[in-house]
Amino acid sequence: MAASIKRDGECLDEMDSMREISSQFFEMVPVRKMKWKDEEAALLVTRPELQLQLLMATVKHPVCCSFPPALSYMRSFMKLLIHKLETEDADICDEMYEAYTDLLSCNEDDDETLCFKSYKMLSGEYISLQESVHLVSQGTTGLSTWQAAQHLAEWILENPQVLTNKSVTELGSGLGLTGIVACKYCQIQNYAFTDCHAQVLYLLSKNIEQNVLIDLHCKTESDSSDRDRKILRKIRKQLSLSSDQQSSEENSSDVNEISEPSDQGYMREEITIDDGIYSDPVELDVNGNLWDVDSSHRLATLKGDKRISICHLDWECVKGRILEKLKSDIILAADVVYDTSIIPALVFVLKSLLDTGPDSNRRPKAFIASTIRNEDTRDAFLIAMGSEGLNYTVVESPKHHRFHYDRSVPIEILQISAL
Ligand SMILES: C[S@@+](CC[C@H](N)C(=O)[O-])C[C@H]1O[C@@H](n2cnc3c(N)ncnc32)[C@H](O)[C@@H]1O
């Protein structure tokens, strides 16, 4: 049975503390921002066996072996942990030092461009997403998971009935956290993930395969093709190139201001890809063993779960035919309102999707989660919606904090519909 310690009359369960540290580790919460309860540090100090448990819940956990966070992150985590223990003059178990030296002796190679972030669900299972270690890379913000996606996922988990038996289209899906949560934990009718960026769409397809097909037991070793390995190698290489070449550029995106590290610019220029992979940036490059790609090469349906599709959709050059296919009961989007220059195109797509849905008796609704980094950008979005005849209400924020994102900047979810 788990022991507990007293704090201000309430019981703090050791296992809860351990889970809390472990969840932050797997989400790669920056080590300096990790929330350690004082008691947790004390527990680790006084109870060496808990040090072992903590290792098993983090760097030695099976999820860490299969879907490792960035090597530099794991090293920083272990360094901090050992520092905490040394500061307290604690008896540190050998395994702690061994785990740290093992990490120090790992080959760094190109591992520092892509990593896995794993989001622990209430059921205990993890959603593991392959992400870039940089918030902005390869000319897109879509290669990492943003706070608004986590916020919208939390809201969906508290309001699953909104998606019950509904067709859903997500705009600017990025790496797919919101949609994967919806597909796994809601009774959706179907779900179309959309984005405009070739590499984002490719990693999104991998993340869906990893997290959705694993449930269906229909993924085999051979599904991970040589081509997949080649593409991933290529993405890694490009990400490491782009992190070397990042330059600051003037633009209308708020994301610039919050990118970490602060000297990262928002690159609009793509780095040329030289071997034919992504030679046509609008074509979907997905694993043909797992996805049925339509004749336009812009829409692919997951063979193992035909409710799920991925679509190349660029709000700035939409084709009516694609919009027709994407008509849904519910439109979702997270962190797509950050650049005033693309707001008109985004609102045009929203308006087209909200005017009529697949069922004339049901008016489509959109739920858009935005991090309010800049009031002017928010206002520009609201004004653009008003002039297109879209109205909105602010929905209640999720009550439970399941994920560990930065909550210092407000996030708002708008419910939007056509007048
Ligand atoms: C800040 S990211 C948010 C990604 C994801 N929803 C999240 O919150 O983690 C913005 C997303 O919008 C996509 N996006 C930007 N401009 C777009 C456009 N013109 N058409 C379609 N998607 C676009 C990007 O590729 C990126 O995935």
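Residues numbered from 1 in each chain as written. Predicted model: local features only at pLDDT ≥ 70, side-chain atom pairs only at ≥ 80, totals over all residues.

Peer 1: Mind showing me how you'd approach the overall build of the protein chain here?
Peer 2: Within the protein chain, the secondary structure is distributed over 14 helices and 13 strands. Classification of the 419 residues of the protein chain by burial places 39% in the buried group. Considering only contacts within the protein chain whose residues lie at least 6 apart along the sequence, 70% involve residues at least 24 apart. (Helix = DSSP H or I, 4+ residues; strand = E, 2+ residues; numbered from the N terminus. Buried ≥ 20, exposed ≤ 12 C-beta atoms within 10 Å, placed from the backbone. Contact = placed C-beta atoms within 7 Å.)

Peer 1: I keep staring at the sheet that holds strand E13 (residues 411-418) and nothing clicks. Help me out?
Peer 2: Whenever strands of a sheet pair, they do so through backbone hydrogen bonds, lying parallel or antiparallel. The nine strands are arranged E7-E8-E9-E6-E5-E10-E11-E13-E12 in an open sheet whose pairing can be described as mixed. Unpaired on one side and paired on the other, strand E7 (291-293) and strand E12 (390-394) mark the two borders of the sheet. Averaged over all adjacent pairs, the angle separating strand axes in this sheet is 20°, with direction ignored. Helix H8 (residues 177-185) contacts strand E5 (167-171), strand E6 (190-195), strand E9 (308-312) and strand E10 (330-334) of the sheet and is inclined by roughly 170° relative to E6. (Pairing = 2+ DSSP bridges. Axes fitted to C-alpha atoms, helices over the stretch in contact; angles between N-to-C directions.)

Peer 1: Before we go on, may I ask you to explain helix H5 (residues 71-87) in this structure?
Peer 2: Since the α-helix packs 3.6 residues into each turn, any two residues three or four apart lie on the same face. With 17 residues, H5 should reach 24 Å at 1.5 Å per residue; the first-to-last C-alpha distance of 24 Å fits that figure. Buried within H5 are the following residues: Tyr73, Met74, Phe77, Met78 and Leu81. End-on, the buried residues of H5 take up no more than an arc of 130°, which puts them together on one face. Those residues of H5 that are exposed and angled more than 90 degrees off the buried face are His83, Glu86 and Thr87. Once H5 finishes, Asp89 follows within two positions and takes phi at roughly 55°, a positive value. (Expected span 1.5 Å × (residues − 1). Arc of directions from axis to C-beta.)

Peer 1: Help me understand the packing of H5 against helix H6 (residues 94-104), please; the structure alone is not making it clear to me.
Peer 2: Axis angle and axis distance: for two packed helices, these are the angle between their axes and the distance between the axes, and together they describe the pair. Relative orientation of the contacting elements H5 and H6 amounts to 150°, with a least axis distance of 10 Å. Accordingly, the angle class assigned to the pair H5 and H6 is roughly antiparallel. Between H5 and H6 lies a crossing of left-handed hand. Of H6, the residues touching H5 (which contributes Leu71, Met74, Arg75, Met78, Lys79 and Ile82) are Met96, Ala99, Tyr100, Leu103 and Leu104. Across the contact of H5 with H6, the residue classes break down as nine nonpolar, no polar and two charged. (Parallel < 35°, antiparallel > 145°, perpendicular 65-115°, else oblique. Left-handed = near helix turned anticlockwise from the far one by under 90°. Nonpolar A, V, L, I, M, F, W, Y, C, P; charged D, E, K, R; others polar.)

Peer 1: Could you clarify how one ought to interpret the nonpolar core in this entry?
Peer 2: Soluble, globular proteins show a tendency: their nonpolar side chains are buried together. In terms of nonpolar packing, the biggest core is built from 101 residues, with Leu152, Leu177, Ile331, Leu350 and Ile368 touching the most fellow members. In terms of residue count, the dominant contributor to this core is helix H9 (residues 198-216) (eight residues). With residues near it in sequence (within four places) discarded, Leu350 still touches Ile331, Ala366, Leu390 and Ile416. (Core = buried A, V, L, I, M, F, W, Y, C linked by C-beta atoms within 7 Å.)

Peer 1: For this particular structure, what's the right way to read the pairing of E9?
Peer 2: One face of the sheet, then the other: side chains in a regular strand alternate in exactly this way. By the criterion of burial, E9 is predominantly enclosed, with five of the five residues buried. Side chains Ile308, Ile310 and His312 project from E9 onto one buried face, and the interleaved Ser309 and Cys311 project onto a second face that is buried too. Direction of pairing for E6 relative to E9: parallel, over a ladder of five bridges. Residue pairing in the sheet places Thr194 in a bridge with Cys311 of E9. Bridging between strand E8 (residues 299-302) and E9 involves three bridges; their strand directions are antiparallel.

Peer 1: What's the story with the pairing of E5 in this structure? I'm lost.
Peer 2: Where burial is concerned, most of E5 is hidden: five out of the five residues are buried. The pairing of E5 with E6 spans four bridges and is parallel. For Val168, the partnering residue across the bridge sits in E6 and is Tyr191. You can see the chain leave E5, run along H8 and come back into E6, and the turn it takes is right-handed. Taken together, the four bridges between E5 and E10 define a ladder with parallel strand orientation. Among the inter-strand pairings, Thr169 is bridged to a residue of E10, identified as Ile331. (Right-handed = clockwise from strand over helix to strand, strands pointing away.)

Peer 1: Whenever I open this one, the packing of helix H13 (residues 343-355) against helix H14 (residues 375-387) confuses me. Can you help?
Peer 2: Where H13 meets H14, the closest approach of the two axes is 10 Å, and the angle between their N-to-C directions is 45°. On the basis of the axis angle, H13 is oblique to H14. Considering how the two elements wind past one another, H13 and H14 form a crossing that is right-handed. The residues of H14 that touch H13, namely those facing Ile343, Pro344 and Val347, are Ala380, Phe381, Ala384 and Met385. Its residues assigned to classes, the contact of H13 with H14 comprises seven nonpolar, no polar and no charged.

Peer 1: Explain unusual backbone geometry here, please?
Peer 2: Note on backbone geometry: most residues besides glycine have negative phi, and most peptide bonds are trans. Look at Met28: it is not a glycine, yet its phi comes out positive at around 55°. For Met28, the position within the fold is in the loop between helix H1 (14-26) and helix H2 (38-46).

Peer 1: Before we go on, may I ask you to explain the confidence of the model for the protein chain in this structure?
Peer 2: Note: predicted coordinates in regions of low pLDDT should not be interpreted at a detailed level. On average, the protein chain scores 84 in pLDDT, and the residues at 70 or more come to 81%. Low pLDDT, under 50, characterises residues 257-279; the predicted model gives this stretch 38 contacts beyond four residues in sequence or across chains. (pLDDT = per-residue confidence, 0-100.)

Peer 1: It is not clear to me how the environment of Ala300 should be interpreted in this structure. Could you clarify?
Peer 2: With respect to the secondary-structure elements, Ala300 resides in strand E8. Along the chain, Ala300 and Leu290 lie ten residues apart, while their C-alpha atoms are 9.6 Å from each other. Excluding residues within four positions of it along the chain, Ala300 makes contact with Leu284, Val286, Trp291, Asp292, Val293, Ser309 and Ile310.

Peer 1: Sorry if this is basic, but what is going on with the environment of Ala418 here?
Peer 2: By the secondary structure assignment, Ala418 is in strand E13. Sequence separation between Ala418 and Thr356 is 62 residues, and the spatial gap between their C-alpha atoms is 8.8 Å. When neighbours within four sequence positions are excluded, Ala418 is seen to be in contact with Lys351, Leu354, Asp355, Gly389 and Leu390.

Peer 1: Is there a simple way to explain the environment of Phe403 in this structure?
Peer 2: With respect to the secondary-structure elements, Phe403 resides in the loop between E12 and E13. Owing to 22 C-beta atoms within 10 Å, Phe403 belongs among the buried residues under this scheme. Separated by 379 residues in the primary sequence, Phe403 and Gln24 have C-alpha atoms spaced 8.1 Å apart. Leaving out residues up to four positions away in the same chain, Phe403 has contacts with Glu27, Tyr119, Gln150 and Glu154.

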